Amino acid sequence: MRIFGKQLLFYLGILIICFAFLGIVLSQVLRGFLTEQRAEELTRLAERVAYSMENLSGYGAFFVLGQEIRNIHMYTGATVIILDTEFNVFVDYGVPVGAGAHVYEDEIAPVMRGETVAVFGTSNHPALQPLLVVGVPFWIGGEVAGAALVGVSMAELEAAVSDMYRIILFVLGVSAVLAFVLHFFTSRAISKPLRQINAAAGIIAGGDFEKRLPVRGKDEISRLAEQFNKMAEGLQEQERIRNTFISNLSHDIRSPLTSMRGFVTAIADGTVSVAEQPYYLGIILDESERLIKLSNDILDIQSEAKPEKSTFDINELIRKTILGFSSQATTKRLMITSRFAYSANFVEADKNQISRVLHNLLDNAVKFTPADGEIFVETTEAKEKVIVSVSDTGRGMTDEELKYVFDRFYKGDTSRGEDKMGSGLGLSIVKEFIRVHGETLTVESDIEKGSVFTFTLPLRH
């Protein structure tokens, strides 16, 4: 079922439930109010008849009583019945011909004990159903001598309640039509952008990441369209980076393989002399090491292994890592210095992964720091954390490069000439290893001033 049908059924269901509840409540309130009013009126009439019975004296009194009963019936349509204490009827006025007066003693019995009662009774005549009867005792000589009963048909009440039900049903029908019209337009306003989003999702799923949605207003649908556009932009950028990476990776693999194949062929067919073979074999070995490093980088970035944590001195690991770059630093005339918060800073982490983090950061700094530059490694302590920073005096990065510097497969065009051996995965590996440790990694950079990479590790005393 479409959204339009579901929402329409929902709204109609709410309308029906509300109107049904309203009809039941109003009918009960109306019935109770009218019944109470009529009972009060009948009580006053029955008290008048009882008063007349208590003051019977002579023929004139009987005439007055008869006139009183006739007036009650004439102006109210009520039935008047007078009983003695044995429930014998000796006056009944207003009972339809042939219907007879039927009094149920169990319901009227309390009136013979001096109480006023109001009950629903019945009669054989359909015109008197349902019948509201009020009974009032009359007293002679200090004792109950009988009861005056005044009853009236409540058909008018039921007719009023029925009219109210018809009005509610009419209003319900009009409301349903209005709800349908309003829902038709509101659902179109909701479903149209949803259909656009669905169509755009199908286009993007087909590989076209250029599709964008129009954003109008500030409601939830508009915010969804904004997020969809951001997702499409992200997918487009990832696709661009992926294509760039595949192109670079293909080149990085093809170049050493082509070189290795050429040298092996030359050695095999005797083009290279025996004396020159060690030199070319060294080149083949270097190229194979390059391929191994590239494959290891790809495996590291895809690894889901949890860190195997241990406690070790991060300062000592930094010293060893710096020492490993001494040859490259000498070649480029770089100065690598360090400063530590204490002689030893113990942390709890995966030593191999953190070693790789330091290696990648220093390798990155060495590549992009020009000759006679400086690289500085520092540790500080704050809030049970050891903060490690690696800074350089390299060319720095633009704001655009900083957005993607940790992205997988990213390798900026401006750095490509300086990083001929890299695959663009080094900083992604750094980010992944720090992430699995649950720590933070940040970067700050200024053009022509250099960059500072900072990460944290948990301190252990």
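Residues numbered from 1 in each chain as written. Predicted model: local features only at pLDDT ≥ 70, side-chain atom pairs only at ≥ 80, totals over all residues. Heavy atoms only, no water.

(A) Representation of the overall build of the chain within the structure. Counting its secondary structure elements, the chain contains 12 helices and 12 strands. By sequence separation, contacts in the chain at least 24 residues apart represent 66% of the contacts at least 6 residues apart. Within the structure as shown, the chain displays about 26,800 Å² of accessible surface, and the carbon and sulfur contribution to it stands at 59%. (Helix = DSSP H or I, 4+ residues; strand = E, 2+ residues; numbered from the N terminus. Contact = heavy atoms within 4.5 Å. Areas by Shrake-Rupley, 256 points an atom, 1.4 Å probe, with all protein chains shown as cover.)

(B) Expanded view of the pattern of salt bridges. Under the counting rule described, the total for this entry stands at 12 salt bridges. With a closest N to O distance of 3.0 Å, aspartate 372 and arginine 333 form a salt bridge. Placement of aspartate 372 in the loop between helix 9 (351-368) and strand 9 (374-382) and of arginine 333 in the loop between helix 8 (326-332) and strand 7 (335-339) is noted, with a sequence separation of 39 residues between them. For the pair aspartate 372 and arginine 333, one class covers both residues: exposed. (Salt bridge = Lys/Arg side-chain N within 4 Å of Asp/Glu carboxyl O. Buried < 20%, exposed > 50% of the residue type's maximum accessible area, 1.4 Å probe, protein only.)

(C) Spatial organisation of the nonpolar core. Ranked by internal contacts, the top residues of the largest apolar core, which has 38 residues, are Ile314, Ile318, Ile354, Leu358, Leu361, Ile375 and Phe455. Among the elements of the structure, helix 7 (314-324), strand 8 (346-349), helix 9, strand 9, strand 10 (385-392), helix 12 (426-436) and strand 12 (450-458) are those that each provide at least two residues to this core. Top contributing element to this core by residue count: helix 9, with seven residues. The contacts of leucine 361, once residues within four sequence positions are left out, are Val390, Leu427, Val430, Phe453 and Phe455. (Core = buried A, V, L, I, M, F, W, Y, C linked by side-chain atoms within 4.5 Å.)

(D) Local environment of the sheet that holds strand 10. Taken in spatial order, the five strands of this open sheet run 7-9-10-12-11, and their pairing is mixed. Of all the strands in the sheet, the pair left with one neighbour each is strand 7 and strand 11 (441-446). Sheet twist, expressed as the mean angle between neighbouring strand axes with direction ignored, is 15 degrees. As paired elements, strand 7 and strand 9 share five bridges and run parallel to each other. Residue pairing for strand 9: isoleucine 336 is matched across the bridge by isoleucine 375. With respect to the sheet, helix 7 is in contact with strand 7, strand 9, strand 10 and strand 12, its orientation differing from that of strand 9 by roughly 175 degrees. (Pairing = 2+ DSSP bridges. Axes fitted to C-alpha atoms, helices over the stretch in contact; angles between N-to-C directions.)

(E) Structural detail: the packing of aromatic side chains. If you walk through the whole model with that rule in mind, you get three aromatic pairs. Geometrically, the ring pair formed by phenylalanine 263 and tyrosine 280 is tilted, given 5.0 Å between the ring centres and 40 degrees between the ring planes. Taken together, the positions of phenylalanine 263 in helix 5 (residues 220-268) and tyrosine 280 in helix 6 (residues 277-302) put the pair 17 residues apart, joining distant regions of the chain. In this structure an aromatic cluster arises from ring pairing among Phe263, Tyr279 and Tyr280. (Phe/Tyr/Trp six-rings, centres within 6.5 Å; stacked < 30°, edge-to-face > 60°.)

(F) Quick look at a nonpolar patch on the surface. On the surface, a cluster of nonpolar side chains totalling about 470 Å² of accessible area is made up of Ile167, Phe170, Val171, Val174 and Leu178. Looking at the secondary structure, you find valine 171 in helix 4 (residues 155-205). (Patch = residues over 30% accessible without salt bridge, like charges linked within 9 Å, V, L, I, M, F, W, Y side chains within 5 Å.)

(G) Main features of the side chain of serine 451. Here serine 451 lies in strand 12. A distance of 2.8 Å separates polar atoms of two side chains, one belonging to serine 451 and the other to serine 445. Apart from the residues within four sequence positions on either side, serine 451 is in contact with Val390, Ser391, Asp392, Gly396, Met397, Glu444 and Ser445. (Polar contact = N/O pair within 3.5 Å; in protein donor to acceptor, adjacent residues only side chain to side chain.)

(H) Quick peek at helix 9. Here helix 9 spans 26 Å end to end across 18 residues, near enough to the 26 Å set by a 1.5 Å rise per residue. Within helix 9, burial applies to Gln353, Ile354, Val357, Leu358, Asn360, Leu361, Leu362, Asp363, Asn364, Ala365, Val366 and Phe368. For helix 9, the side-chain oxygen to backbone nitrogen distance between the N-cap and asparagine 352 is 3.1 Å, and the N-cap itself is aspartate 350. (Expected span 1.5 Å × (residues − 1).)

(I) Main features of the packing of helix 7 against helix 9. Packing of helix 7 against helix 9 leaves a shortest axis separation of 10 Å and a crossing angle of 45 degrees. Taken as axis vectors, helix 7 and helix 9 run oblique relative to one another. Our pair here, helix 7 against helix 9, has a crossing hand that is right-handed. Contacts between helix 7 and helix 9 involve Ile314, Leu317, Ile318, Thr321 and Ile322 from the first element and Lys351, Ile354, Ser355, Leu358, His359 and Leu362 from the second. By residue class, the composition of the contact of helix 7 with helix 9 is seven nonpolar, three polar and one charged. (Parallel < 35°, antiparallel > 145°, perpendicular 65-115°, else oblique. Left-handed = near helix turned anticlockwise from the far one by under 90°. Nonpolar A, V, L, I, M, F, W, Y, C, P; charged D, E, K, R; others polar.)

(J) Structural detail: the confidence of the model for the chain. Overall, the predicted model of the chain reaches an average pLDDT of 80, with 87% of residues at or above 70. Looking across the chain, the model is least confident in helix 11 (residues 413-416), with a mean pLDDT of 47, and most confident in strand 6 (residues 310-313), with 95. Low pLDDT, under 50, characterises residues 123-128; the predicted model gives this stretch 12 contacts beyond four residues in sequence or across chains. Below a pLDDT of 50 lies the segment residues 413-417, which in the model reaches seven contacts outside its immediate sequence neighbourhood of four places, other chains included. (pLDDT = per-residue confidence, 0-100.)

(K) Structural view of the pairing of strand 9. Relative to strand 10, strand 9 runs antiparallel, the two being bridged by eight bridges. If you follow phenylalanine 376 over to strand 10, its bridge partner there is serine 391. Taken together, strand 9 and the strand that follows it, strand 10, pair antiparallel across an intervening segment of two residues, in which lysine 383 is found at a positive phi of about 55 degrees.

(L) A look at helix 12. For helix 12, the set of buried residues is Leu427, Ser428, Ile429, Val430, Glu432, Phe433 and Ile434. Residue glycine 438 follows helix 12 closely and has a positive phi angle near 75 degrees.

(M) Structural context of the side chain of histidine 437. By the element assignment, histidine 437 lies in the loop between helix 12 and strand 11. The exposure class of histidine 437 is buried, given its relative accessible area of 6%. Side-chain polar atoms of histidine 437 contact the backbone nitrogen of aspartate 350, separated by 2.9 Å. Those residues within four positions of histidine 437 in sequence are excluded, and the remaining contacts are Pro307, Lys309, Ala349, Asp350, Gln353 and Ile354.

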